[in-house]
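Spelled out from the first residue to the last, the chains are:
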Amino acid sequence: MTATRRDTFHVRIARHGLVFRFSRRSTVLTSVLWLCAGGVLALSLGLGEFDLRLADTLRVLGGGGTLIEYDVVVRDRLPRAVTALGVGAAFGVSGAILQRIAANPLVSPDVIGVNAGASFGALFVITVLGGAGASLVLGALAGALLTGAAIVLIALNHGLSGYRLVLVGIGIAAMLSSGTSYLLIQADYRQVLNAASWLTGSLANRGTLHVAVIAGTLAVVVPVLLVLGRHLRVLELGDDLSRALSGGTRRIRLSLITTAVVLAAMATAAAGPIGFVALVAPQITRRLLPGRPVPLGTAAATGALLVIGSDLAARLLFAPTELPVGAVTGVIGAPVLLYLLARANRIGHTG
Amino acid sequence: MNPDSTPATTLSATTLSAGTLSASATATTLSTSDLTLAYGDRHVVRDVSVAVPPGRITVIVGANGSGKSTLLRGLARLMAPRRGSVLLDGRDMARLGARTLAQRLGLLPQQPLAPDGITVSDLVGRGRHPHQRWFRQHTEADSAAIAAAMEATGITDLAERPVDELSGGQRQRAWLALALAQEPDVMLLDEPTTYLDLAHQVDLLELLTHLNATLGRTTVLVLHDLNLASRYAHHLVAVKDGRIAAEGPPADVLTPDTIESVFSLSCAVINDPLTGTPIALPRPQPR
Ligand SMILES: Nc1ncnc2c1ncn2[C@@H]1O[C@H](COP(=O)(O)OP(=O)(O)O)[C@@H](O)[C@H]1O
Ligand SMILES: [Mg+2]
């Protein structure tokens with residue numbers, strides 16, 4: 001049983017008449033998760049083929065250390081780890097928004113076709129245009145955004161209900177993966193290897209470009225969500241009631257869905273279609289905070305921790321061979337979710 | 001006190017508290033003029049001109065699929081009029097700002113869905129949405145309205161219970177509390193008594209009557225039970241195929257002829273010995 005009222009606290013900035021609502025449990029959990037993610041970040045910078053102790057890592061970050069140490073930690077591992085955190089947070093928030101609006105745990109950007117769009121776009125660049133690097137990012141972005149726009153437009157005609165979003169998305173995703181298969185068949189061997197790694201979602205060789213893409217996205221989206229996020233509390237009450245409580249409009253619903261699509265698109269552009277994170281991060285969060293809708297900040301922290309943790313595992317488990325991170329997120333995320341589900345059933349919460 | 005098992009006692013508790021919910025200063029008028037509503041090509045509400053009496057309880061009755069819910073959705077601006085208009089205090093609702101409308105008009109849909117596992121107080125608190133801004137997510141008025149709404153509906157003791165663990169009657173009260181916490185001038189309720197047993201139906205309608213009497217809030221309900229509608233309505237509107245078949249005080253509307261034409265049901269109408277309002281008794285059909 002939860003004590004909502006005792007759990008809620010308000011932060012007032014009296015001078016400006018500002019009041020914000022917070023929940024104690026989710027604030028604590030969010031802080032803990034971000035601290036863990038920060039811890040894994042520190043580990044990620046030090047661990048690998050070139051091992052550094054924590055103190056040495058900090059020294060290198062502070063500007064000390066040899067040229068090689070600087071290269072490994074700051075030029076190679078730092079952008080990778082920061083991209084992991086940003087991408088994880090973006091996927092987590094994107095999934096949480098969509099799942100809450102649709103009141104359906106299956107609605108996530110992967111399921112509704114955003115990732116398939118990004119994959120198709122990226123593959124088109126790799127195989128047809130022979131591009132890499134920035135053009136790959138652009139191709140993925142264009143694919144994801146176009147798909148997202150198509151899904152929203154088609155679903156919009158019919159009231160943006162949760163089921164329709166899922167069905168339309170699944171249909172579009174199926175068409176796009178046929179297209180992706182076709183491109184793969186046409187491609188030559190080297191391109192296929194290159195594409196396979198990208199298609200699983202990989203954080204290898206991330207640089208300033210990728211950090212800039214995801215950091216820039218979050219810098220724009222976070223303020224937007226600070227303003228719009230509170231509307232999720234009524235949007236998840238269903239179409240009629242939410243519109244009655246917001247004066248008959250669907251504008252905010254549309255803005256939030258667009259925000260979720262953009263987040264997933266940018267994250268996919270930066271790291272490839274890392275599977276499962278957007279689907280599972282909000283669900284893990286929900287089990288950690290039973291009795292309340294998934295807070296976006298907490299879903300972001302869960303997503304960030306999941307991705308950076310998976311990436312560290314992907315680098316270390318089969319060293320010196322590195323796995324793409326997308327091959328590990330499912331392996332780590334699914335058991336966590338299953339464990340939480342089993343525990344929830346024992347305590348008596350319905351999943 | 002367990003509000004679910006003791007419907008008869010809840011009223012005395014609410015008498016004390018309803019006064020703290022702010023009463024509408026002047027009762028709001030809601031009316032339509034030649035209103036036509038449609039889903040695609042299907043015209044479901046046709047040329048309806050109806051005036052909801054301010055400060056009173058209006059009950060809409062009609063057969064399944066006759067357009068009652070659609071009319072209610074049109075009144076709440078959830079559907080744009082195909083023709084005609086909805087007027088709030090004489091002004092075209094289409095031109096009202098979203099926030100203003102949400103503060104003045106509340107709608108409880110037929111089967112509202114609560115997010116998994118949320119508590120009663122969390123649910124009720126969401127009724128305050130139109131009064132809050134992103135930079136002002138809580139005020140004293142919010143606390144007061146939420147507390148008063150829960151007290152008026154007798155669910156204060158259930159505040160921390162998850163909504164999905166409540167009984168049907170308790171849950172319906174929680175939804176009503178959400179609508180009350182919104183403090184709208186006009187409340188539109190779509191079949192708020194569905195799935196309740198008779199005692200809880202009466203209980204809920206008594207509660208609505210009481211709130212209406214103390215707060216003077218204009219209330220529009222859709223009800224299935226003709227006899228309950230007759231007992232609790234000040235104004236009765238009978239809908240047939242998307243048109244108003246009859247409207248007025250229950251005594252004028254609930255006639256054998258109207259019932260025959262609206263529900264295709266042959267009835268005798270007698271006076272309720274307890275209240276004097278009409279009661280419809282379906283005639284046994286020869287086999
Ligand atoms: N979303 C919708 N799309 C298409 N037709 C609808 C929709 N909702 C209701 N209808 C149709 O409109 C008619 C009136 O429905 P409704 O207003 O729900 O009736 P009532 O509430 O009186 O039972 C019915 O024939 C129903 O099938
Ligand atoms: Mg109906």
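Structure first, text after, so check above.
First, a word on what this report is: a plain description of the structure on this page. On a predicted model such as this, the values are computed, not experimentally measured, just so you know.

**Here we look at the environment of Leu52 of chain A**
Residues and elements named next belong to chain A.
Here is step 1: Relative to the assigned elements, Leu52 resides in the loop between helix 2 (24–46) and helix 3 (54–61).
Here is step 2: Here the alpha-carbon distance between Leu52 and Gly139, two residues 87 residues apart in the chain, equals 37 Å.
Here is step 3: Not counting chain neighbours up to four residues away, the residues in contact with Leu52 comprise Gly46, Thr57, Glu69 and Val73.

**Regarding the site of ligand 1**
Residues and elements named next belong to chain B.
Here is step 1: All residues adjacent to ligand 1 are Tyr39, Arg42, Val44, Ala63, Asn64, Gly65, Ser66, Gly67, Lys68, Ser69 and Thr70.
Here is step 2: The separation between an oxygen atom of ligand 1 and a polar main-chain atom of Gly65 is 2.7 Å.
Here is step 3: Within the complex, 61% of the 560 Å² of free accessible area of ligand 1 lies under protein.
Here is step 4: Elements with a contribution of two residues or more to the shell around ligand 1: strand 2 (42–48) and helix 2 (68–75).
Here is step 5: Sorting elements by how many residues they give to the shell around ligand 1 places helix 2 first, with three residues.
Here is step 6: Split by residue class, the shell around ligand 1 holds three nonpolar, six polar and two charged.

**Describing the pattern of salt bridges**
Here is step 1: The tally for this structure, following the rule as stated, stands at 18 salt bridges over all chains.
Here is step 2: Between Arg128 of chain B and Asp142 of chain B there is a salt bridge whose closest N-O contact spans 2.8 Å. With Arg128 of chain B in the loop between helix 4 (120–125) and helix 5 (140–152) and Asp142 of chain B in helix 5, this pair connects stretches of sequence that are 14 residues apart. Asp142 of chain B carries the same exposure label as Arg128 of chain B, and that label is buried.
Here is step 3: Residue Arg231 of chain B is joined to Asp272 of chain B by a salt bridge in which the shortest nitrogen-to-oxygen separation is 3.0 Å. In this pair, Arg231 of chain B sits in helix 8 (residues 226–232) while Asp272 of chain B sits in the loop between strand 12 (267–271) and strand 13 (278–282), placing the two residues 41 residues apart along the sequence.
Here is step 4: Owing to a relative accessible area of 32%, Arg231 of chain B belongs among the partly exposed residues under this scheme.
Here is step 5: Salt bridges sharing partners connect three or more residues here, namely Arg100, Arg233 and Glu236 of chain A together with Asp122 and Arg126 of chain B.

Cut-off values and rules
Residues numbered from 1 in each chain as written. Chains lettered and ligands numbered in written order. Predicted model: local features only at pLDDT ≥ 70, side-chain atom pairs only at ≥ 80, totals over all residues. Heavy atoms only, no water. Helix = DSSP H or I, 4+ residues; strand = E, 2+ residues; numbered from the N terminus. Contact = heavy atoms within 4.5 Å. Near = heavy atom within 4 Å. Polar contact = N/O pair within 3.5 Å; in protein donor to acceptor, adjacent residues only side chain to side chain. Areas by Shrake-Rupley, 256 points an atom, 1.4 Å probe, with all protein chains shown as cover. Nonpolar A, V, L, I, M, F, W, Y, C, P; charged D, E, K, R; others polar. Salt bridge = Lys/Arg side-chain N within 4 Å of Asp/Glu carboxyl O. Buried < 20%, exposed > 50% of the residue type's maximum accessible area, 1.4 Å probe, protein only.

By themselves, these are just geometric observations and shouldn't be taken as functional.
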